[in-house]
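Residue-level listing of the chains:
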Amino acid sequence: PLTPLDLKIDLSGAVVYCKGSASASIDAEAIGGLGNYVYTLLDGNGVMVRPAQPTGYFDLLPKGVYVVRVDSGDCQFDSASVTINEPDTTLSVSSAITDVSCFAGNDGKIVITASGGTGVIKYAISPNLNMFDDKFVFDRLVAGWYKVLVQDENSCFQLLDLEVKEPEVLTAKVVGPIIQEICDGDNDGGFTIEISGGRPPYSVSLDNETGIYTPVTGTQHT
């Protein structure tokens, strides 16, 4: 007598870990019947999802309800419904960058805002992308390109390429003639400076680094 046709189903991979992805699998093995098995994957409504194939392994599946059908030539057998679930929310990530304030400075900052996904979200920044922390603020950064890896407990991740910029070197030079004082005490001398680099708007102070700074309109001050 023939052993009745049946299916052993391995559902260890029947889950989608990242919302919206197609990463689940169903592994079915037929027993009984005449052999020469052919497997077909159906959805919960009996509509074919994958055509007939010689093995019972179906991968790259999104969430949904599935039925594995096996045909051994003499008989046909359908498995019980298999439900593949996924997380409720997608891992969502955004960033805010504070550029370096002065040329060659190290006060740049990257702030990551992440939500969704599954469980605790961890963060890593280049060159140490294998060192995760729950810290989502990266400060004391010099100018340059950084990779930031954001990952949840299911290893769903987003990799960001972010640039921290810096201004050009702040420079100032005297332009035009230097006007000399005509008579002692007249206070009618003068000169004009042209400013470039740094971060406008500019302000200047004469002979006092900590003194009162006067705003500059444009890039020249007389």
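Residues numbered from 1 in each chain as written. Predicted model: local features only at pLDDT ≥ 70, side-chain atom pairs only at ≥ 80, totals over all residues. Heavy atoms only, no water.

Student: What is the right way to look at the sheet that holds strand S14 (residues 157-164) in this model?
Tutor: Two orientations exist for strands paired in a sheet by backbone hydrogen bonds: parallel and antiparallel. One open sheet accounts for three strands, arranged S11-S13-S14; its pairing is antiparallel. On the outer flanks of this sheet lie strand S11 (122-125) and S14, each paired with one strand and no other. Going across the sheet, the axis of each strand differs from the next one's by a mean of 20 degrees, ignoring polarity. Pairing of strand S13 (residues 144-151) with S14, which is carried by eight bridges, proceeds in the antiparallel orientation. Looking at S14, one finds that Val-150 is bridged to Gln-158. (Pairing = 2+ DSSP bridges. Helix = DSSP H or I, 4+ residues; strand = E, 2+ residues; numbered from the N terminus. Axes fitted to C-alpha atoms, helices over the stretch in contact; angles between N-to-C directions.)

Student: For this particular structure, what's the right way to read the sheet that holds strand S10 (residues 108-115)?
Tutor: Pairing is antiparallel in the open sheet, where three strands are placed in the order S9-S10-S12. Where the open sheet ends on each side, the last strands, each with one partner, are strand S9 (92-98) and strand S12 (137-141). Neighbouring strand axes in the sheet, compared pairwise and without regard to direction, differ in orientation by 15 degrees on average. Across three bridges, S10 lies against S12 in antiparallel orientation. Along S12, the bridge assignment pairs Val-111 with Val-137.

Student: Can you walk me through the environment of Ser-94 in this structure?
Tutor: Of note, Ser-94 is situated in strand S9. Residue Ser-94 is classed as partly exposed on the basis of its relative accessible area, which comes to 41%. Through-space distance from the C-alpha of Ser-94 to that of Ser-115 is 9.3 Å; in sequence the pair is 21 residues apart. Dropping the residues within four chain positions of it, Ser-94 is found in contact with Val-111, Ile-112 and Thr-113. (Buried < 20%, exposed > 50% of the residue type's maximum accessible area, 1.4 Å probe, protein only. Contact = heavy atoms within 4.5 Å.)

Student: Help me understand the pattern of salt bridges in this model?
Tutor: Here the idea is simple: oppositely charged side chains can pair when their charged atoms come close. Within the structure shown, the criterion is met by six salt bridges. With a shortest N-O distance of 2.7 Å, Asp-78 and Arg-69 are connected by a salt bridge. The class for Asp-78 is partly exposed, based on a relative accessible area of 34%. Connected via shared salt-bridge partners are Lys-19, Lys-63 and Glu-86. (Salt bridge = Lys/Arg side-chain N within 4 Å of Asp/Glu carboxyl O.)

Student: Looking at this structure, how should I read the state of the cysteines?
Tutor: Structurally, a disulfide amounts to a covalent bond that connects the sulfur atoms of two cysteines. Taken as a whole and assessed by the stated rule, the structure comprises one disulfide. Sulfur-sulfur distance for the disulfide between Cys-18 and Cys-156 comes to 1.9 Å. Measuring the twist about the S-S bond at about -105 degrees, one finds the Cys-18-Cys-156 disulfide to be left-handed. Taken together, the residues Cys-18 in the loop between strand S1 (6-10) and strand S2 (24-31) and Cys-156 in the loop between S13 and S14 connect sequence positions 138 residues apart. (Disulfide = S-S within 2.5 Å.)

Student: Where do I start with the environment of Phe-103 in this structure?
Tutor: Looking at the element boundaries, Phe-103 is found in the loop between S9 and S10. What makes Phe-103 partly exposed here is its relative accessible area of 45%. For Phe-103, the contacting residues outside a window of four places in its chain are Glu-166, Pro-167, Glu-168 and Val-169.

Student: Even after reading the chapter, I still don't get the side chain of Ser-126, so can you show me in this structure?
Tutor: In this fold, Ser-126 is placed in the loop between S11 and S12. Excluding residues within four positions of it along the chain, Ser-126 makes contact with Tyr-146 and Lys-147.

Student: How should I be thinking about the pairing of S13 in this particular structure?
Tutor: Put simply, side chains in a regular strand alternate between the two faces of the sheet. Examined bridge by bridge, S11 and S13 share four bridges and lie antiparallel to one another. Bridge pairing in S13 links Tyr-123 to Val-150. Taking the residues that link successive antiparallel strands as the turn, the S13-S14 hairpin has five residues, and the phi of Ser-155 there is positive, at about 65 degrees.

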